[in-house]
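Analysis of the macromolecular model
One-letter residues, chain by chain:
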Amino acid sequence: MAAAPSSSNEKIRVLIAKPGLDGHDRGAKVVARALRDGGCEVIYTGIRQTPEMIAEAALQEDVDVVGLSILSGAHLELFPRIVDELKKRDVDDVLLFCGGIIPEEDTAALNDLGFAAIFRPGTNTGDIVQFVYDNVKR
Amino acid sequence: MSELIDRFLNGERRALARVITRVEAESEEGRELVRALYSRTEAAHTVGITGSAGSGKSTLTGGLAKELRARGKTVGIIAVDPSSPFTKGAILGDRIRMQDLALDPGVYVRSMAGRGALGGLAPAINDVVAVVAAFGFDYVLIETVGAGQDEVEIAGTALTTVLVNNPGTGDDIQAMKAGILEIADVLVVNKADLPGADTLASQLRALLSLSPAGERRPPILKTIAAKDEGMVELADAVDEHRQFLRESGGERKRRETNARHQLLATAQAILLEKIRQRTEGGNLESLVARIADRELDPHTAAEELIATLNLG
């Protein structure tokens, strides 16, 4: 498909989602805010999202990027299901990243799943914005 | 592009989502998509939901959609939130209030950023509404940015406009001021469990009684959207207004009014772009300098600028 001439109107759309049962979303909000200030359009869907809800929101909103925040320790349980649900809907061209309380030893497994970056506590939010701009698939 | 249209016409929601992105970018491709789909947009009933920030628009939109679903109708929702005037970024948080609809195959929810448009909507709103309608939904609900006193653009986009009010937000003189109240086809007093709801409802009623005789008086409904109270009545009121428009010949009239508004606004945008393209870096700059030096007034300068288009 030919590239649109006036692509300056195209904004990076990011879904920030919190799967699972932990109700603490300060980290997700800080990241959403940083991306907003970085010029992205950020869809935030609130806490306690199921994998189906996250995948469906990514599809309907036609986002370029999905960022998942998790603190409960259930990432190896939930993230594969989210990736499955995205695949089921043919949403296969989004940039995936995640953040929260995620042990170092899980890094390889998450990279294999397709997560391009994992941001842990102490990350500079500017680095997250830079990551999104550098890696978004257009 | 035709492959995308085929998938769209096949009812693929991912194709709808992609078409909206193209249309929202206001690209040539987006315009071609609108051109191809525009003839299919007539069946949907478009409903605007407006009111001030925090008045409960998103929750009410979700509640109305749920009630319409219970009646077997399909619903497309376009929810607009503001863009930052500085970074152009946005937080789009309306889906948070519509969780119950997240997995309903008869509902499609799209968040849109205002991208600097005045009037409570977004630059590409009419085109996005058109493609969502073309997808075949029975209703298209359009939720505006938090609107104050004169963000009335929604009335030029939707066939039925619902204005959401809350108790405790000003006396009846506020309501008497010109502007947003005049575009309401259905008036809602939301958060009706708060003190002052009855007072507000009777103030609005008293105010409407001053309208010229023979004019349609919008119904006033009390709702508690967070508890799904009043949604049956709201859906009824929307349908009654639709019926009224049909029977009075008002639907055609309103479509024409909206078409005129959209045509002129679009023509204005195209002309402005043409002027910019032809004069930027040249004539435009010299006129700007002459205005700044007070050699020329803005009106005369604008006439000169437009003359470069040779419109005759």
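Residues numbered from 1 in each chain as written. Chains lettered and ligands numbered in written order. Predicted model: local features only at pLDDT ≥ 70, side-chain atom pairs only at ≥ 80, totals over all residues. Heavy atoms only, no water.

Brief notes about the overall build of chain A
- A count of helical and extended segments in chain A gives five helices and five strands.
- Its helices and strands taken in sequence order, chain A reads β-α-β-α-β-α-β-α-β-α from the N to the C terminus.
- In terms of overall dimensions, chain A is globule-like: its C-alpha atoms have a radius of gyration of 14 Å, near the 14 Å expected for 138 residues.
- In terms of overall dimensions, chain A has C-alpha extents of about 45 × 35 × 25 Å along its principal axes. (Helix = DSSP H or I, 4+ residues; strand = E, 2+ residues; numbered from the N terminus. Rg over C-alpha atoms; globule rule 2.2 N^0.38 Å.)

Things to note about the overall build of chain B
- Counting its regular elements, chain B contains eleven helices and eight strands.
- Over its C-alpha trace chain B gives a radius of gyration of 21 Å, about what one expects of a compact globule, namely 20 Å for 312 residues.
- Seen along its three principal axes, the alpha-carbon backbone of chain B occupies a region of about 60 × 50 × 40 Å.
- The burial tally for chain B puts 48% of its 312 residues in the buried class.
- Element-wise, carbon and sulfur atoms account for 52% of the exposed surface of chain B, whose accessible area totals about 15,000 Å².
- The centroid of the 37 positive side-chain charges in chain B is displaced by 3 Å from the centroid of its 44 negative side-chain charges. (Buried < 20%, exposed > 50% of the residue type's maximum accessible area, 1.4 Å probe, protein only. Areas by Shrake-Rupley, 256 points an atom, 1.4 Å probe, with all protein chains shown as cover. Lys, Arg positive; Asp, Glu negative; His and termini not counted. Charge placed at Lys NZ, Arg CZ, Asp CG, Glu CD.)

Focus on the packing of helix H1 (residues 2–9) of chain B against helix H2 (residues 13–24) of chain B
All names here are of chain B.
- The geometry of H1 relative to H2 is characterised by a closest axis approach of 7 Å and an angle of 130 degrees between their N-to-C directions. Relative to H2, H1 is oriented oblique. Between H1 and H2 the crossing geometry is left-handed. Of the residues in H2, those touching H1 at Leu-4, Arg-7 and Phe-8 are Arg-14, Ala-15, Leu-16, Arg-18 and Val-19.
- Within the contact of H1 with H2, the residues separate by chemical class into five nonpolar, no polar and three charged. (Axes fitted to C-alpha atoms, helices over the stretch in contact; angles between N-to-C directions. Parallel < 35°, antiparallel > 145°, perpendicular 65-115°, else oblique. Left-handed = near helix turned anticlockwise from the far one by under 90°. Contact = heavy atoms within 4.5 Å. Nonpolar A, V, L, I, M, F, W, Y, C, P; charged D, E, K, R; others polar.)

Description of the domain arrangement of chain B
- Domain annotation of chain B identifies domain 1 (1–39), domain 2 (41–248) and domain 3 (261–307).
- Look at where the C-alpha atoms of domain 1 of chain B and domain 3 of chain B centre, and you get two points 33 Å apart. (Domains from an automatic or database assignment.)

Quick look at the environment of Ala-237 of chain B
All names here are of chain B.
- Take Ala-237: it is sitting in helix H8 (residues 231–247).
- By relative accessible area, which is 4% here, Ala-237 ends up buried.
- A sequence separation of 77 residues divides Ala-237 from Thr-160, and the C-alpha atoms of the two residues are 9.9 Å apart.
- Non-local contacts of Ala-237, meaning those with residues more than four positions away in its chain, are made with Val-186, Pro-219 and Leu-221.

Some details on the sheet that holds strand E2 (residues 41–44) of chain A
- Sheet architecture is open: six strands sit in the order E5(A)-E4(A)-E3(A)-E1(A)-E2(A)-E3(B), paired in parallel fashion. For this open sheet the edge positions go to strand E5 (115–119) of chain A together with strand E3 (90–92) of chain B, each flanked by a neighbour on one side alone. Recorded for the sheet is a direction-independent mean angle of 20 degrees between the axes of neighbouring strands.
- Pairing geometry for strand E3 (residues 65–70) of chain A and strand E4 (residues 95–100) of chain A, over six bridges, is parallel. By the bridge assignment for E4 of chain A, Val-65 of chain A is matched with Leu-95 of chain A. (Pairing = 2+ DSSP bridges.)

Some thoughts on helix H4 (residues 57–70) of chain B
All names here are of chain B.
- Over its 14 residues, H4 extends 20 Å from the first C-alpha to the last, a length consistent with the 20 Å expected when each residue adds 1.5 Å.
- By the criterion of burial, H4 is predominantly enclosed, with ten of the 14 residues buried.
- Tucked inside the fold, the buried residues of H4 contact strand E1 (45–51), strand E2 (75–81), strand E5 (139–143), strand E6 (160–165), strand E7 (186–189) and H8.
- Count one or two residues on from H4 and you reach Gly-72, which has phi positive near 85 degrees. (Expected span 1.5 Å × (residues − 1).)

Notes on the environment of Glu-56 of chain A
- Relative to the assigned elements, Glu-56 of chain A resides in helix H2 (residues 51–61).
- When the C-alpha positions of Glu-56 of chain A and Val-91 of chain A are compared, they lie 9.4 Å apart, and in sequence the two are 35 residues distant.
- Leaving out residues up to four positions away in the same chain, Glu-56 of chain A has contacts with Arg-89 of chain A together with Arg-13, Ala-102 and Leu-103 of chain B.

Some thoughts on the packing of helix H1 (residues 26–37) of chain A against helix H5 (residues 125–135) of chain A
All names here are of chain A.
- The interhelical angle for the contact between H1 and H5, taken along N-to-C directions, is 60 degrees, at an axis separation of 9 Å. As judged from the angle between their axes, H1 and H5 are oblique. Note on packing geometry: the crossing formed by H1 with H5 is right-handed. Along the contact surface, H1 presents Val-30, Val-31, Ala-34 and Leu-35, while H5 presents Thr-125, Ile-128, Val-129 and Val-132.
- Split by residue class, the contact of H1 with H5 holds seven nonpolar, one polar and no charged.

Quick notes on helix H3 (residues 75–88) of chain A
Residue and element names in this part refer to chain A.
- With 14 residues, H3 extends 19 Å from end C-alpha to end C-alpha; this agrees with the ideal 20 Å at 1.5 Å per step.
- Among the residues making up H3, those that are buried are His-75, Leu-78, Phe-79, Ile-82, Val-83, Glu-85 and Leu-86. Each buried residue of H3 sits inside an arc of 160 degrees when the element is viewed along its axis, so together they form one side. Exposed side of H3, more than 90 degrees from the buried face: Glu-77, Lys-87 and Lys-88 are the residues found there.
- Tucked inside the fold, the buried residues of H3 contact H2, E3, E4, helix H4 (107–113) and E5. (Arc of directions from axis to C-beta.)

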